[in-house]
Amino acid sequence: MTRNALLFFCLAALFLTGCQEDENPTPELEVPETYSFTRDGASTVSFSGQSTRIAMAEELVDAFQDPANTTAELNAMFRNEGPNGEDVAPFASADLNAATKSIRSKVAASYDYFFADATTSAVIRDEFDGWIEAQVNEVFPRWNELASAGVAGQIPNGSSARYVSAQGLEYNQVFAKSLIGALMLDQTVNNYLSPQVLDEADNRATNDAGTLEDGKTYTTMEHKWDEAYGYVFGAADNPAEPLLTLGDDDSFLNEYLDRVNDDPDYAGIAQDVFDAFKRGRAAIVAGDYAERDAQAAIIKEKLSKVLAVRTIFYLVRGAESLEGGNAPTAAFHALSEAYGFLYALQFSRNPATGAPYLNREEVRELQEDLLSDGANGLWDVTPATIRDQASTIATAFGLSVDQAAD
Amino acid sequence: MIRFLLLLLVAVSAAGCETDPGTSLAPASFDRAAMLAHWADDVIIPAFEDFTRDADDLQAAATSFEATPTAESLSEVRTAFATAYLGWQRLSPFMTGPGEDHRLREQLNIYPTNTARLKAGNTGSLELPSNTDVQGFPALDFLLYGTESPVEHRGTIAELSRRIHGLSSAALADWTTGGYRDAYVAASGNSATASVDRTVNDFIYWYEKYLRAGKVGIPAGVFSNGPRPELAEAPYHGGLSKQLFLEGLSAGRDFFNGEPGLADYLDALSVEREGQALSARIQSGFIAAADRASGLDADVATQVTTNNTELLQLYDALQANVILLKVDMLQALGINVDYVDADGD
């Protein structure tokens, strides 16, 4: 391990030296070392709503693993309100109970993708509701039973157990990884980094004039950009220097940015994302909106690719397990992650086209194919089907399966 | 990523040494099939047979303790427990195939055991993966030595003992009458799924995770903030864990040195490191670890609290061989590591 770690650092150093761009900074752009921006000595950075939703999502995903929970209880956590809109207190954390934010209201809710498509947004939210119901109605009743082909229950995971549907899916994984796309990625790349949102109403004029929001230290445009940042780094111990604890701060976008960054083929991607956030924010302070959008494009592409790399990674891991002659169940965890990440890809954003690298229809078709080699979903899936999917995704995102898989 | 790093490491170290991995794979002079036959017939199947016999003795003793709970029958169960637990150590490195299929290691020796659930009783089907921590030797250790009255738990003690025997018998039957032995010896190629690659990977995995980390590193606190005596093996018996470790170490050393075995294989390829045969260096590593362990308290949990430094030194001695086995040996034999550290989620 120590040797690997050492090697990794050497390699990372090589990469970093090799990839340093000849930056061509606009002379007046002052980019700080950390994500710290101030006005008259006070910080102008704020993204508490994002940190709150990430924390709520952590509790909700954990609650998938307690069979004592009811659909109503899980729904209350997902919505932070009761069926009739009443106030609820479903969280362990008092702060979260006091908060008025809700996860579900921000699922598939970006300006660019859903402002004019409430229909699809509603369908997507229903799909999340469906995974909650399925966990409670299909998996919880079989919590203390063995799973078999076509029957929900436990499968072995080393010395412990995992809990799968009749098709072999872990709904907690499907829900969590899909949420990375539908909440964290969608809000970041298709909402807060969108010129439609950043430049809404008179945001440019107020930003140029330094007009602050009522009772706040920031302009509206500054705040929008910070909200994008918050979905990636908002759970960090020290959000001004989030790379210090990257991967340990949440189980969502932050964690998987770290995982991909740990693959030498993508070493430095976390730094690239962080630098683009800083530089774009500095461009807003300087009123340089072309530079802001150039940095936003970097973030959109890199974060989208993070999710694609992880999809491919888990697909190949599942295929390798099956090819190694292991029981089908040994691949279920990786394939459940892949299934969720695959769903997340419909929220990806190719800055060159303004569209996802794989659209909803394509993603849903791939998901269906993964479960259609036989009657029982993952119990029957073949390595060939899985590898086909990995290569389809790699092609769509301009990635290499081999690089993503190791 | 780990695998990628390993490849890189291989490339880097290959550049600096005599052996050329491109041509070093299995020369005509080394018969892999003969090595596999030796492993199957002289090492693995005998280890299964010996252990299954010990487990049979244990279930017999536990069943009579269940029927007639006396001080004498309790003492017999305890003796049979220690014998079978030691026998298990000689089998644990060989989970390739049937052992893995029956999840033998997971169901026989995952510790710490869940004492709260064991005391509460009525844990449900032992076949459930969620019940691996209320069965096997660690659960028996608690029920036989960690409770006020083992008699009260004699039903569970008997049931758990019978399950150990049942699992071991089933895996042994797969090896012999089930035909796994012949398929195992026939798969003598060098692909990732061939028997040599799988056996060696499983062996190194055992050495790294179960011998080095499980028995020594974890209780010594190598992976935590400070020592964790409660995570030692057989903590309730209080005088068995060093012996369990030594038995495992000895099984590993015998496997490495068996003829024909890995030491021969490396010698046939003339693999050297720093002017010395790699086989001899690994052999010295096993001896150094045994020497380090000889002065320890019979109970690892006690050793942790009295002088943990000695246990850390044992860990370091074991660690030296991880590198030689997992990096140098695998490179020389052209075997890829087939496991990665757990994903953690």
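Note that this is a predicted model, so its numbers are computed, not measured.

Quick look at the overall build of chain A now. A count of helical and extended segments in chain A gives 17 helices and four strands. A globule of 406 residues ought to have a C-alpha radius of gyration of about 22 Å, and chain A, at 22 Å, matches this closely. For chain A, with 406 residues in total, the buried portion stands at 48%. Of the contacts made within chain A by residues no fewer than 6 positions apart, 65% connect residues no fewer than 24 positions apart.

For chain B, the helix and strand inventory stands at 15 helices and two strands. Across its three principal axes, chain B shows a C-alpha extent of roughly 65 × 50 × 40 Å. Put simply, chain B has 345 residues, and 45% of those count as buried. Pairs at least 24 residues apart make up 73% of the contacts formed inside chain B by residues separated by at least 6 positions.

All right, on to the UniProt feature "domain: Imelysin-like" (unreviewed entry) in chain B then. Here the UniProt-annotated "domain: Imelysin-like" (unreviewed entry) positions come out as residues 44–319 of chain B. The distance from the first to the last C-alpha atom of residues 44–319 of chain B is 25 Å, and the span holds 67% helix and 1% strand.

So, on to the nonpolar core. L253(A), V273(A) and I312(A) are the most contacted members of the largest nonpolar core, which totals 119 residues. Per-element accounting of this core gives the leading share, 13 residues, to helix α13 (residues 289–323) of chain A. Apart from the residues within four sequence positions on either side, L253(A) is in contact with I180(A), M184(A), L185(A), Y231(A), V232(A) and L303(A). M35(B), A301(B), M329(B) and A332(B) belong to the second-largest nonpolar core, a separate cluster that totals 88 residues.

We now examine the pairing of strand β3 (residues 153–157) of chain A. Residue and element names in this part refer to chain A. Among the five residues of β3, four are classified as buried, and the element is accordingly described as predominantly covered. Here β3 runs beside strand β4 (residues 160–164); their pairing, made up of five bridges, is antiparallel. Looking across to β4, one finds that G153 is bridged to V164.

Helix-helix packing is characterised by the crossing angle of the two axes and by the distance between the axes. Residue and element names in this part refer to chain A. Close contact between helix α7 (residues 171–192) and α13 brings their axes to 10 Å; oriented N to C, the two are set at 170 degrees. Between α7 and α13, the crossing angle belongs to the class labelled roughly antiparallel. The chirality of how α7 crosses α13 is right-handed. Every residue of α13 that contacts α7 at I180, G181, L185, T188 and V189 is listed here: I299, K300, L303, S304 and L307. Looking at side-chain class alone, the contact of α7 with α13 contains six nonpolar, three polar and one charged residues.

It is worth spelling out helix α15 (residues 308–333) of chain B at this point. All names here are of chain B. Over its 26 residues, α15 extends 36 Å from the first C-alpha to the last, a length consistent with the 38 Å expected when each residue adds 1.5 Å. Bending of α15 peaks at approximately 25 degrees at the position of L325. Taken from the residues just after α15, G334 is the one with a positive phi, measuring 65 degrees.

Let's shift gears to the pairing of β4(A). Within β4(A), four of the five residues are buried, leaving the element largely enclosed by the surrounding structure. In textbook terms, the turn of a hairpin is the stretch between consecutive antiparallel strands, and for β3(A) and β4(A) this stretch comprises two residues, one of which, G158(A), has a positive phi near 60 degrees.

We now examine the confidence of the model for chain A. Mean pLDDT over chain A: 93, with 93% of residues reaching 70 or higher. Low pLDDT, under 50, characterises residues 10–23 of chain A; the stretch is placed with seven contacts to residues that sit more than four places away or in other chains.

A few words now on the packing of α7(A) against helix α10 (residues 220–233) of chain A. Residue and element names in this part refer to chain A. Following both chains from N to C, one finds α7 and α10 inclined at 155 degrees, their axes separated by 8 Å at the closest point. Looking at the two axes, α7 sits roughly antiparallel to α10. Seen from above, α7 lies across α10 with left-handed handedness. Only K224, W225, E227, A228, Y231 and V232 of α10 make contact with α7, whose side of the interface consists of M184, Q187, T188 and Y192. Of the residues contributing to the contact of α7 with α10, the split by class is six nonpolar, two polar and two charged.

Residue and element names in this part refer to chain A. As for its placement among the helices and strands, E255 is situated in helix α11 (residues 253–262). Look at E255 and you get partly exposed, because 18 C-beta atoms sit within 10 Å. Spatially, the C-alpha atoms of E255 and F233 are 9.7 Å apart, while their sequence positions differ by 22 residues. Ignoring sequence-local partners within four residues, the contact set of E255 consists of G247 and D250.

Residues and elements named next belong to chain B. In the predicted model, chain B carries a mean pLDDT of 90, and the fraction of residues at 70 or more is 90%. Below pLDDT 50 for its whole length, residues 1–24 participates in 34 contacts with residues either more than four positions away or in separate chains. Overall fold confidence (pTM) sits at 0.83, and the ipTM for the predicted complex is 0.73.

Turning to helix α6 (residues 118–139) of chain A, a few remarks are in order. Spanning 22 residues, α6(A) covers 31 Å between terminal C-alpha atoms, matching the ideal 32 Å at 1.5 Å per step. Buried-residue contacts for α6(A) involve α3 (71–79), β4 and α7 of chain A.

Bringing the environment of G258(B) into the picture now. All names here are of chain B. Along the polypeptide, G258 turns up in the loop between α11 (241–257) and α12 (262–268). On the basis of neighbour count, G258 is assigned to the partly exposed category, with 16 C-beta atoms found within 10 Å. Taking the C-alpha atoms as reference points, G258 and W39, separated by 219 residues in sequence, lie 8.3 Å from one another. Once you skip the residues sitting within four places of it in the chain, G258 turns out to touch H38 and V43.

This next bit is on unusual backbone geometry. For residues other than glycine, phi is negative in most cases, and the peptide bonds are mostly trans. P112(B) follows Y111(B) through a cis peptide bond whose omega is 5 degrees. Mapped onto the fold, P112(B) is located in the loop between α5 (104–108) and α6 (115–120). Between E259(B) and the following residue, P260(B), the backbone shows a cis peptide bond with an omega angle of -5 degrees. Within the fold, P260(B) resides in the loop between α11 and α12. For D40(A), which is not glycine, the phi torsion reads 50 degrees and is therefore positive. Along the chain, D40(A) turns up in the loop between β1 (38–39) and β2 (42–43). In this structure, R103(B) is a non-glycine residue whose phi angle is positive, near 50 degrees. Residue class for R103(B) comes out partly exposed when judged on the 19 C-beta atoms lying within 10 Å of it.

With that out of the way, let us pick up the environment of T199(B). Residue and element names in this part refer to chain B. Mapped onto the fold, T199 is located in helix α10 (residues 195–220). Under the C-beta neighbour-count criterion, T199 is labelled buried, with 25 such atoms within 10 Å. The sequence separation of T199 and E310 amounts to 111 residues, and the corresponding C-alpha distance is 31 Å. Setting aside residues up to four positions removed in sequence, T199 forms contacts with W39 and T96.

What counts and what doesn't
- For every chain, the first residue of the written sequence is number 1, and numbering continues from 1 onward in sequence order.
- Chain labels run from A onward and ligand labels from 1 onward, assigned in the order the entries are written.
- Local features are withheld for residues below a pLDDT of 70 in this predicted model, meaning they are given only at 70 or higher, and side-chain atom pairs are given and counted only at 80 or more; totals for whole chains, interfaces and linings count all residues.
- Helix and strand assignments follow DSSP, with helices taken as H or I runs no shorter than four residues and strands as E runs no shorter than two, numbered in order from the N terminus.
- For this measure, only C-alpha atoms enter the radius of gyration; the expected value for a globule follows 2.2 Å times N^0.38, where N is the number of residues.
- Neighbour counting defines burial: a residue surrounded by 20 or more other C-beta atoms within 10 Å of its own C-beta is buried, one with 12 or fewer is exposed, and intermediate counts give partly exposed, using backbone-placed C-beta atoms.
- By the criterion used throughout, residues are in contact when their C-beta atoms, derived from the backbone, lie within 7 Å.
- UniProt positions are given in the numbering used here, feature names are shortened, and annotations may be inferred rather than shown by experiment.
- By definition, a nonpolar core groups buried Ala, Val, Leu, Ile, Met, Phe, Trp, Tyr and Cys residues that are joined through C-beta atoms within 7 Å.
- Whether two strands pair depends on DSSP finding at least two bridges between them.
- Axis definition: a line fit to C-alpha positions, over the contact stretch in the case of helices; interaxial angles, taken between N-to-C directions, run 0 to 180 degrees.
- Note on angle classes: values under 35 degrees are labelled roughly parallel, values over 145 roughly antiparallel, values of 65 to 115 roughly perpendicular, and the remainder oblique.
- Crossing handedness follows the turn of the near helix against the far one: under a right angle anticlockwise gives a left-handed crossing, and clockwise gives a right-handed one.
- Note on residue categories: nonpolar means Ala, Val, Leu, Ile, Met, Phe, Trp, Tyr, Cys or Pro, charged means Asp, Glu, Lys or Arg, and polar means any other residue, Gly included.
- Multiplying 1.5 Å by the helix residue count minus one yields the expected span of that helix.
- Here the bend at a residue is taken as the angle between two axes, fitted respectively to the seven residues that end there and the seven that start there.
- The pLDDT value expresses, per residue, how confident the predictor is, ranging between 0 and 100.

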